[in-house]
Amino acid sequence: MNMVKLHDLEFEPYLDQKTIASSVKTVAERIYADYHTKTPVFLGILNGSFMFLSDLMKYYEGDCEISFTKLSSYEGTSSTKNINTLLGAGKLEGKDVIVVEDIVDTGHTLEHIIEVLKSENVASYSIASLFFKPEAYQKSLPIDYIGLEIPNRFIVGYGLDYNGLGRNLSEIYQLKSSLND
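Residues numbered from 1 in each chain as written. Predicted model: local features only at pLDDT ≥ 70, side-chain atom pairs only at ≥ 80, totals over all residues. Heavy atoms only, no water.

## Some words on the packing of helix H1 (residues 17-35) against helix H2 (residues 50-59)
And then number 1: Contact pair H1 / H2: the axes reach a minimum separation of 9 Å and the direction vectors enclose 60 degrees. When the interaxial angle is binned, H1 and H2 end up oblique. Every pair of crossing elements has a handedness; the one defined by H1 and H2 is right-handed. From H1, Ala21, Val24, Lys25, Val27, Ala28 and Ile31 reach across to H2, where they touch Phe52, Asp55, Leu56 and Tyr59.
And then number 2: Residue composition of the contact of H1 with H2, by class: eight nonpolar, no polar and two charged. (Axes fitted to C-alpha atoms, helices over the stretch in contact; angles between N-to-C directions. Helix = DSSP H or I, 4+ residues; strand = E, 2+ residues; numbered from the N terminus. Parallel < 35°, antiparallel > 145°, perpendicular 65-115°, else oblique. Left-handed = near helix turned anticlockwise from the far one by under 90°. Contact = heavy atoms within 4.5 Å. Nonpolar A, V, L, I, M, F, W, Y, C, P; charged D, E, K, R; others polar.)

Spelled out as structure tokens, the structure:
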């Protein structure tokens, strides 16, 4: 893994493919243990969750459905409190929904999603996130399935981007240290 430059920022290697794959597999196994008697709907939050959800489905052994919704809350490297719904998820009433996030940091987006799910009268919901930043988390919603807890640093790769770039990287990179501190 080499340093990468996206737009005006440099990112250094952080997590390799093997670490990511192991975390995804563990999350899939934990979800299956809890949902093997049900047919959950995995609700991917676009754009960031697409790689995580794709690999999660490869490891998930039970019956399931997949849906997506698109929300926007980031500007550059900062999360905002303004959540824009860009694409709806379809009918979820009466279904067991697993929200699939690439990363949970402040929790603002997650709180918005849960409010929508409650208004849709879902049977149940849980939250799966590949990455969780406990230092940045400002909400009280439980995150049911966490791949990795990470420091409050800006990361890209494996679906996560910086102003549209970096989603296609198969590893995770963090903002170069001198810029993180």
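## Describing the side chain of Glu171
And then number 1: If you trace the backbone, Glu171 turns up in the loop between strand E9 (155-156) and strand E10 (172-175).
And then number 2: No salt bridge forms around the buried Glu171; measuring N to O, its nearest opposite-charge neighbour Lys18 is 13 Å away.
And then number 3: Of the polar contacts made by the side chain of Glu171, one reaches the side chain of Gln17; its length is 3.2 Å.
And then number 4: The residues touching Glu171, leaving out its near neighbours within four places in the chain, are Met1, Leu15, Asp16, Gln17, Ile20, Val156, Gly157 and Tyr158. (Buried < 20%, exposed > 50% of the residue type's maximum accessible area, 1.4 Å probe, protein only. Lys, Arg positive; Asp, Glu negative; His and termini not counted. Salt bridge = Lys/Arg side-chain N within 4 Å of Asp/Glu carboxyl O. Polar contact = N/O pair within 3.5 Å; in protein donor to acceptor, adjacent residues only side chain to side chain.)

## Notes on the packing of aromatic side chains
Any pair of aromatic rings gets described here by the distance separating the centres and the angle formed by the planes.
And then number 1: Counting across every chain of the model gives six aromatic pairs.
And then number 2: Seen from their ring centres, Tyr32 and Tyr60 are 5.8 Å apart, and the 75 degrees between their planes marks the pair as edge-to-face. With Tyr32 in helix H1 and Tyr60 in the loop between H2 and strand E4 (65-75), this residue pair connects regions lying 28 residues apart in the sequence.
And then number 3: Of the residues examined, Tyr32 reaches a relative accessible area of 29% and is grouped as partly exposed. (Phe/Tyr/Trp six-rings, centres within 6.5 Å; stacked < 30°, edge-to-face > 60°.)

## Examining H1
And then number 1: Spanning 19 residues, H1 covers 27 Å between terminal C-alpha atoms, matching the ideal 27 Å at 1.5 Å per step.
And then number 2: Here H1 has its buried residues at Ile20, Ser23, Val24, Val27, Ala28, Ile31 and Tyr35. Down the axis of H1, the buried set is contained in an arc of 135 degrees. They therefore lie on one face. (Expected span 1.5 Å × (residues − 1). Arc of directions from axis to C-beta.)

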